[in-house]
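# Descriptive structure summary
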Amino acid sequence: SSGINAEYGSEIRLHYSSMLSGRQRDTIQNIKDSDDFGNNNANGAIPFHCLPHSGAIEPGHSQEITVNFTPDHVDNYRDFIIIKLLDQPRKTRVPVAGRSWAGSMFITGAHLVFPNYAGHSLSLLTDTSTDETEKMDDAWVFFPPTVVGETTTKTLTIGNCRTIKGDNKGTKTTGDFMFEPLKADYGPLMKAFVVNPPKGTVEPGSAVKIMFQFTPPKETTAELIQFSTLLSLKGDMIEYYRVRFVVQIPNL
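The following paragraphs examine the structure supplied in this document. What you are looking at is a predicted structure, and each value in this text was computed from that prediction instead of being measured.

Here is what the cut-offs are and how they apply
- Every residue gets a number counted from 1 within its own chain, in the order that chain's sequence is written.
- Predicted model: local features are reported for residues with pLDDT of at least 70 only, side-chain atom pairs are reported and counted for 80 or more only, and whole-chain, interface and lining totals are derived from all residues.
- Here the side-chain values reflect all heavy atoms present in the structure, with hydrogen atoms and water set aside.
- DSSP-based pairing: two strands are paired if at least 2 bridges between them are found.
- Strands here are runs of E lasting at least two residues and helices are runs of H or I lasting at least four, both read from the DSSP assignment and numbered beginning at the N terminus.
- Angles here are taken between N-to-C directions and fall from 0 to 180 degrees, while the axes themselves are lines fitted to C-alpha atoms, restricted in helices to the stretch in contact.
- Among buried residues, those of type Ala, Val, Leu, Ile, Met, Phe, Trp, Tyr and Cys that are joined through side-chain atoms within 4.5 Å constitute a nonpolar core.
- Working definition: with a 1.4 Å probe on protein chains only, accessible area under 20% of the residue-type maximum means buried, over 50% means exposed, and in between means partly exposed.
- Any two residues whose heavy atoms approach within 4.5 Å at even a single point are treated as in contact.
- The charged-residue count follows a simple rule in which Lys and Arg add positive charge and Asp and Glu add negative charge, with His and chain termini not counted at all.
- By definition here, a salt bridge exists when the distance from a side-chain nitrogen of Lys or Arg to a carboxyl oxygen of Asp or Glu is within 4 Å.
- Polar contact is defined as a pair of N or O atoms within 3.5 Å, subject to the rule that within protein one atom must be able to donate a hydrogen and the other to accept it, and that residues adjacent in sequence are counted only when both atoms are side-chain atoms.

With that settled, the discussion passes to the sheet that holds strand β16 (residues 224-234). The strand order β10-β17-β16-β12-β14 describes an open sheet built from 5 strands, whose pairing is mixed. The outermost strands of the open sheet, each flanked by one partner alone, are β10 (137-142) and β14 (199-202). Averaged over all adjacent pairs, the angle separating strand axes in this sheet is 25°, with direction ignored.

So this is what it looks like as structure tokens:
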């Protein structure tokens, strides 16, 4: 994962197993990005690049090839790196993939686009307690069905895709997150819902798993419970998500 216009590096290791003596060097003829698969940056440039592009490996030695990923817009990227070794007619294709985000902080494990859920439409699941004039993205979390008095759990992950320390001394590369408590309007749901941890710091290149627990209170009569809270992410930019939770209570 990488933020827009940020660079992320990964490695491929090539090993030449021959132990023949002498000064013979076999050349990596070509390491390049494929032009027949995957998507490019908005400016037409390929987001994956290899260093070095070519070279030689001594018998019994290996060579690390760094694959740099530099996206310029939010997307999922896929491509192949084509490697040709030792004048062999057959090429090796190594798949590479990357995902970019608007900022350095990101979330996975939630639906950022409302899915079809148990036949309920988006209009029926609109949380009327939320100020709909607020400009923020939604992140939908669907708990496994449960019954009154029994706890159901769900997790999501908050990550920090920055892996390169800032050039300037004192530049912050960590990221912070915080979930707001449920509003008092939710009544008994406030005590029924637990976030662990509700806030924290994410180191560069790391991720934190968040666990949600919900125990439908005895006052529950609805077949579908919905509520929401605000999540703030602070990395190289500040982002807000309205995290919307949905719990189905089966009729027994």
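Now, onward.
Okay, unusual backbone geometry next. Along the chain, L51 connects to P52 via a cis peptide bond; the corresponding omega equals -5°. With respect to the secondary-structure elements, P52 resides in the loop between β4 (48-51) and β5 (55-57). Cis geometry marks the peptide bond from N196 to P197, where omega comes out at -5°. One can find P197 in the loop between β13 (193-196) and β14.

This brings us to the nonpolar core. Grouped together as the largest cluster of nonpolar side chains are 29 residues, with contacts concentrated most on I158, F179, F193, F212, F214, F227 and L231. Excluding anything up to four places from it in sequence, F212 contacts V141, F143, T152, T153, K154, L156, F179, F193, V194, V195 and F245. Among the nonpolar cores identified, the runner-up in size contains 9 residues, and F48, I65, Y77 and V96 belong to it.

Moving on, we come to the side chain of D72. With respect to the helices and strands, D72 occurs in the loop between β6 (62-69) and β7 (76-85). Among buried charged residues, D72 stands out as having no salt bridge; its nearest opposite-charge side chain is R99, 14 Å away. A distance of 3.3 Å separates a polar side-chain atom of D72 from the backbone nitrogen of N43.

The subject of this paragraph is the environment of G205. Following the sequence through the fold, G205 ends up in the loop between β14 and β15 (207-214). Residue G205 is classed as exposed on the basis of its relative accessible area of 52%.

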